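A structural walkthrough
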Amino acid sequence: MSETLLIAVPSKGRLQENADRFFARAGLAVKRSRGARDYRGVIDGVPGVEVLFLSASEITREIGVGAVHLGITGEDLVREVIPDADKAVALVTPLGFGGANVVVAVPQMWIDVRTMADLDDVAQGFHARHGRRLRVATKYVNLTRAFFAEHAVGDYLIVESLGATEGTPASGAADLIVDITTTGATLAANALKILDDGVILKSEANLVASLKAAWNGRQRRALKSLLDRIAAEERARTIREVRAVVPGDARKIAEGVIGRFGCEAPYGVEKSGPLVLHCPVGAIHPLAEYLREQGAHTVGVTQAEYVFQARNPLYDKVMQRLEG
Ligand SMILES: Nc1ncnc2c1ncn2[C@@H]1O[C@H](COP(=O)(O)OP(=O)(O)OP(=O)(O)O)[C@@H](O)[C@H]1O
Ligand SMILES: O=P(O)(O)OC[C@H]1O[C@H](OP(=O)(O)OP(=O)(O)O)[C@H](O)[C@@H]1O
Ligand SMILES: [Mg+2]
């Protein structure tokens, strides 16, 4: 393999646009090389990185065998496609898009079937009544097998489906399905309902690192350089910078709000202030209220573009998994 770090990025489908936006947010300009090799690209200003444009399912396979170092793909695909995924990959960070649940859904007409236990009852009597086993249409064969085994449902047959899975109960090709859903519109249009305990996985797009790939020093440095920008953007997005001047000892107030609101004082606090805090987005309003109760005249809140920290939790996570 070459010396470069290979990162696989969705080239089409519903993850592509969001993946482009994710890189842009982190200040990473992904450039497609022109000409015959335009399924490859580079990232401006980050040497030693090569980008591959693939479909989400191809990305997942490549990560699983260690043919690429990093990729963006759905957790559903990771768990379905990669054997022993927990050992083969590190989920570096969830990306906040591509959200979808993998679910067990049955015809709405099956009014007595609400849970996996009910489904087991149906499965057990099914062969005697119909002369064949219950059929489950899905492309998530491995997730289905594992989930049904967990619920001790054994008497069924998987019908592999590569598209229009939701239509198979109506067409008679299957009795129920396991598929991915976001809005539920496709299930509803096909008169299917999700079992009460039938959510197999809540998935979203992740930045995923392969633990099977060869990671030499140059590739690790390139990873650090990428994750440095990604972590700084993530930190900036999830906190707000809060400024205030309080009467009295600012260090005491800082101590209080750090415990109470989950804030940090990243630049330290002098006795005479001012307070500069990094606080979780959800804590901003109660914090602003509190600081005014403590005598602050004005509380300013801004969103940083990047917050670079000495330790990079994303890089550390990958290194721990590689070395552990
Ligand atoms: N409503 C949804 N339906 C399907 N996939 C979704 C949905 N929402 C998010 N996703 C994510 O997108 C992934 C699939 O993306 P997409 O269908 O665009 O590519 P793909 O299935 O890999 O393409 P192909 O099958 O052509 O190789 C899913 O595995 C899932 O992680
Ligand atoms: O719950 P909903 O919001 O209705 O979304 C779910 C549907 O979207 C996906 O199909 P997609 O459009 O990707 O077509 P595909 O089956 O060809 O991948 C998925 O396979 C479901 O059929
Ligand atoms: Mg699809």
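Quick caveat, the model's predicted, so the values are computed rather than measured. (Residues numbered from 1 in each chain as written. Chains lettered and ligands numbered in written order. Predicted model: local features only at pLDDT ≥ 70, side-chain atom pairs only at ≥ 80, totals over all residues. Heavy atoms only, no water.)

Near ligand 1, the surroundings consist of 17 residues, among which Lys 12, Ser 55, Ser 57, Asp 76 and Thr 182 are the closest. In the model, an oxygen atom of ligand 1 is placed 3.1 Å from a nitrogen or oxygen of the Arg 14 main chain. Between ligand 1 and the protein, one listed contact pairs a nitrogen atom with a side-chain N or O atom of Thr 182 at 2.7 Å. Among the detected pockets, ligand 1 sits in the largest pocket. (Near = heavy atom within 4 Å. Polar contact = N/O pair within 3.5 Å; in protein donor to acceptor, adjacent residues only side chain to side chain. 1 Å grid on protein atoms, 1.4 Å probe; cavity = no way out; pocket = protein on both sides within 12 Å on 5 of 7 lines; lining within 4 Å. Sits in = over half its atoms within 2 Å of the grid points.)

Moving on to empty space enclosed by the protein. The tally for this structure, following the rule as stated, stands at one cavity of 30 Å³ or more. Of the volumes computed, that of the largest cavity is approximately 50 Å³. Looking at the largest cavity, the residues that line it are Asp 228, Ala 231, Ala 232, Arg 235, Val 307, Phe 308, Gln 309, Arg 311, Asn 312 and Pro 313. The greatest single-element share of the lining of the largest cavity, amounting to four residues, is contributed by helix H9 (residues 217–238). (Points joined across faces, edges and corners; volume = space filled by probe spheres on them. Helix = DSSP H or I, 4+ residues; strand = E, 2+ residues; numbered from the N terminus.)

What follows concerns the pairing of strand S8 (residues 134–138). Within S8, five of the five residues are buried, which leaves it mostly tucked inside the rest of the structure. Side chains of S8 alternate between two faces, with Leu 134, Val 136 and Thr 138 and Arg 135 and Ala 137 buried alike. Bridge count for S8 against strand S9 (residues 156–160) is five bridges, and the pairing is parallel. Opposite Val 136, over in S9, you have Ile 158 as the bridge partner. Viewed along the sheet, the connection from S8 through helix H6 (residues 141–150) into S9 turns out right-handed. In this structure, S8 lies alongside strand S10 (residues 176–181), joined through three bridges in parallel fashion. Considered in S10, the bridge of Ala 137 is made with Ile 177. (Buried < 20%, exposed > 50% of the residue type's maximum accessible area, 1.4 Å probe, protein only. Pairing = 2+ DSSP bridges. Right-handed = clockwise from strand over helix to strand, strands pointing away.)

All right, on to the side chain of Asp 179 then. Position of Asp 179 relative to the elements: it lies in strand S10. Once you skip the residues sitting within four places of it in the chain, Asp 179 turns out to touch Asn 101, Val 102, Val 103, Tyr 140, Thr 165 and Glu 166. (Contact = heavy atoms within 4.5 Å.)

This brings us to the pattern of salt bridges. Counted under the stated rule, the structure contains 15 salt bridges. Ionic pairing is found between Glu 50 and Arg 40, a salt bridge with its closest N-O pair at 2.7 Å. Of this pair, Glu 50 sits in strand S4 (residues 49–54) while Arg 40 is found in strand S3 (residues 40–43), placing the two residues ten residues apart along the sequence. Residue classification places Glu 50 among the buried positions, given a relative accessible area of 17%. Residue Arg 40 is classed as partly exposed on the basis of its relative accessible area of 22%. Each of the salt bridges in this network shares a partner with another, and the network as a whole consists of Arg 25, Glu 233 and Arg 237. (Salt bridge = Lys/Arg side-chain N within 4 Å of Asp/Glu carboxyl O.)

Turning next to unusual backbone geometry. Cis geometry is found at the peptide bond from Gly 273 to Pro 274, where omega equals -5°. By the secondary structure assignment, Pro 274 is in the loop between helix H10 (250–261) and strand S14 (275–280). Positive phi values are uncommon outside glycine, yet Ala 152 reaches one of about 55°. Considering the arrangement of structural elements, one finds Ala 152 in the loop between H6 and S9. A positive phi angle is found at Ala 191, which is not glycine, with a value near 55°. Checked against the element boundaries, Ala 191 lands in the loop between helix H8 (185–189) and strand S11 (192–203).

The positions UniProt marks with the feature "domain: ATP phosphoribosyltransferase catalytic" (unreviewed entry) are residues 56–231. With 40% helix and 30% strand, residues 56–231 has its two end C-alpha atoms placed 23 Å apart. (UniProt positions renumbered as here; feature names shortened; annotations may be inferred.)

Further remarks concern the state of the cysteines. Considering all chains together, one arrives at one disulfide under this definition. A sulfur-sulfur distance of 2.3 Å marks the disulfide that ties Cys 263 to Cys 279. Given an S-S torsion of about 110°, the disulfide between Cys 263 and Cys 279 has right-handed geometry. Here Cys 263 is found in the loop between H10 and S14, whereas its partner Cys 279 is found in strand S14, with 16 residues between them in sequence. Side by side, Cys 263 and Cys 279 carry an identical accessibility label, which is buried. (Disulfide = S-S within 2.5 Å.)

Close contact between H9 and helix H12 (residues 313–323) brings their axes to 8 Å; oriented N to C, the two are set at 140°. By the criterion of interaxial angle, the relationship of H9 to H12 is oblique. Note on element contacts: H12 touches H9 through Leu 314, Tyr 315, Val 318, Met 319, Leu 322 and Glu 323, opposite Arg 220, Leu 223, Lys 224, Leu 227, Ile 230, Ala 231 and Glu 234. Across the contact of H9 with H12, the residue classes tally to nine nonpolar, no polar and four charged. (Axes fitted to C-alpha atoms, helices over the stretch in contact; angles between N-to-C directions. Parallel < 35°, antiparallel > 145°, perpendicular 65-115°, else oblique. Nonpolar A, V, L, I, M, F, W, Y, C, P; charged D, E, K, R; others polar.)

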